[in-house]
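Fold and geometry: a report
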Amino acid sequence: EIIRSLDDPKDTKKMANKLIGSKYELRKNWDILKIDAMKIALNLKFSQNPHLFEKLQQICGHIEEKNSWEDRFWGTYKGVGLNKLGILLMQIRDNKQL
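Every residue gets a number counted from 1 within its own chain, in the order that chain's sequence is written. pLDDT decides what is reported in this predicted model: residues at 70 or higher carry local features, side-chain atom pairs at 80 or more are listed and counted, and totals for whole chains, interfaces and linings draw on all residues regardless. Side-chain descriptors were evaluated using all non-hydrogen atoms of the structure, hydrogens and water having been removed beforehand.

1. Structural notes on the overall build of the protein
Definition in use: Secondary structure elements are defined from DSSP: runs of H or I of at least 4 residues count as helices, runs of E of at least 2 residues count as strands, and each element is numbered from the N terminus. Residue burial is assigned from relative accessible area. The probe radius is 1.4 Å, only protein chains are included, and a residue is buried under 20% of its type maximum, exposed over 50%, and partly exposed in between.
Check the secondary structure of the protein and you find four helices and zero strands. The secondary structure elements of the protein, listed N-terminal to C-terminal, are α-α-α-α. For the C-alpha atoms alone, the extent of the protein along its principal axes is close to 45 × 30 × 25 Å. When burial is assessed residue by residue, the protein has 21% of its 98 residues classed as buried.

2. A short note on the pattern of salt bridges
Convention followed: Whenever a carboxyl oxygen of Asp or Glu lies within 4 Å of a side-chain nitrogen of Lys or Arg, that contact is scored as a salt bridge.
For the coordinates displayed, the defined rule picks out three salt bridges. Note that Asp 31 and Lys 34 form a salt bridge whose closest N and O atoms lie 3.4 Å from each other. With Asp 31 and Lys 34 both in helix H2 (residues 30-48) and three residues apart, this pair spans about one turn of that helix. On the basis of relative accessibility, which here comes to 58%, the residue Asp 31 falls in the exposed class. Residue class for Lys 34 comes out buried when judged on its relative accessible area of 15%. For Asp 94, the salt bridge is made with Arg 93, and the minimal N-O distance between the two is 2.7 Å. Look at Asp 94 and you get partly exposed, because its relative accessible area is 48%.

3. Digging into the nonpolar core
To keep things clear, this is the line we draw: What makes a nonpolar core is a set of buried Ala, Val, Leu, Ile, Met, Phe, Trp, Tyr and Cys residues whose side-chain atoms join them at distances within 4.5 Å. Contact definition: two residues touch when any of their heavy atoms are within 4.5 Å.
One finds Leu 42, Phe 46, Phe 53, Leu 56, Ile 63, Trp 74, Leu 85, Leu 88, Leu 89, Met 90 and Ile 92 forming the largest nonpolar core, which totals 11 residues. Sorting the residues of this core by element identifies H2, helix H3 (50-57) and helix H4 (84-95) as the ones contributing at least two each. Here the element with the most residues in this core is H4; it accounts for five residues. Those residues within four positions of Leu 89 in sequence are excluded, and the remaining contacts are Leu 42, Phe 46, Leu 56 and Ile 63.

4. Concerning the environment of Gln 91
Note on placement: Gln 91 falls in helix H4. A sequence separation of 29 residues divides Gln 91 from His 62, and the C-alpha atoms of the two residues are 11 Å apart.

5. As for the layout of surface pockets
Sizing a probe to match a water molecule and rolling it over the atoms shows the empty space that remains. This is how the line gets drawn: Both cavities and pockets are sets of points on a 1 Å grid over the protein atoms alone; in a cavity a 1.4 Å probe fits but cannot get out, in a pocket the set is open with protein on both sides within 12 Å along at least five of seven lines, and lining residues sit with an atom within 4 Å of a point. Grid points are joined across faces, edges and corners, and a volume is the space filled by probe spheres set on the points. When residues are sorted by character, Ala, Val, Leu, Ile, Met, Phe, Trp, Tyr, Cys and Pro go into the nonpolar class, Asp, Glu, Lys and Arg into the charged class, and all the rest, Gly among them, into the polar class.
Quantified by volume, the largest pocket comes out at close to 1,300 Å³. Elements that contribute at least two residues to the lining of the largest pocket include exactly helix H1 (9-19), H2 and H4. It is H2 that contributes the most residues to the lining of the largest pocket, nine residues altogether. Of the residues assigned to the lining of the largest pocket, the class counts are 18 nonpolar, four polar and 13 charged.

6. Examining the packing of aromatic side chains
Put simply, the test is: Aromatic rings from Phe, Tyr and Trp, with only the six-membered ring used for Trp, were paired whenever their centres fell within 6.5 Å, and each pair was classed as stacked if the ring planes differed by under 30 degrees, edge-to-face if by over 60, and tilted otherwise. Either the NZ atom of lysine or the CZ atom of arginine qualifies as a charge over a ring when it sits within 6 Å of the ring centre and within 35 degrees of the ring normal.
Tallied over the entire structure, the rule returns two aromatic pairs. Relative to Trp 74, the ring of Phe 73 has its centre 4.9 Å away and its plane inclined at 85°; by these criteria the two rings are edge-to-face. Classification of Trp 74 as buried rests on a relative accessible area of 17%. Between Lys 34 and the ring centre of Phe 73, over which it is positioned, the NZ or CZ distance is 4.0 Å.

Put into C-alpha cells, the structure is as follows:
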C-alpha cells in the first residue's frame, strides 16, 4: 500500500529501497519476473491509451531510456546501461499490435 500510494516513480524507488531489508523482502525470483511485469504494464498502458500507442509508433529507430538516477537496468546513465525499457518499447512499437 505504501508503494502504490506514491505518484512519482523516483519516490517509489526511494521508498522501495528504504523498505528492502526492513520487514519487507523482494521476491526471490524478482530479477526474473520484473521484465515480464514491465511487459504486462506496458501492454496495458498502450492498449488502454491508443493515442500514446500512436505516438510510440511515430518514433523511428532506436529508443534509449536515458535517466539521471543511475538506473542502468531499465535505461542508461551517461550512455551506459542495458536499456531494457527502451528495448521493450521498441518491441511493442515494432509489433504494431498489442
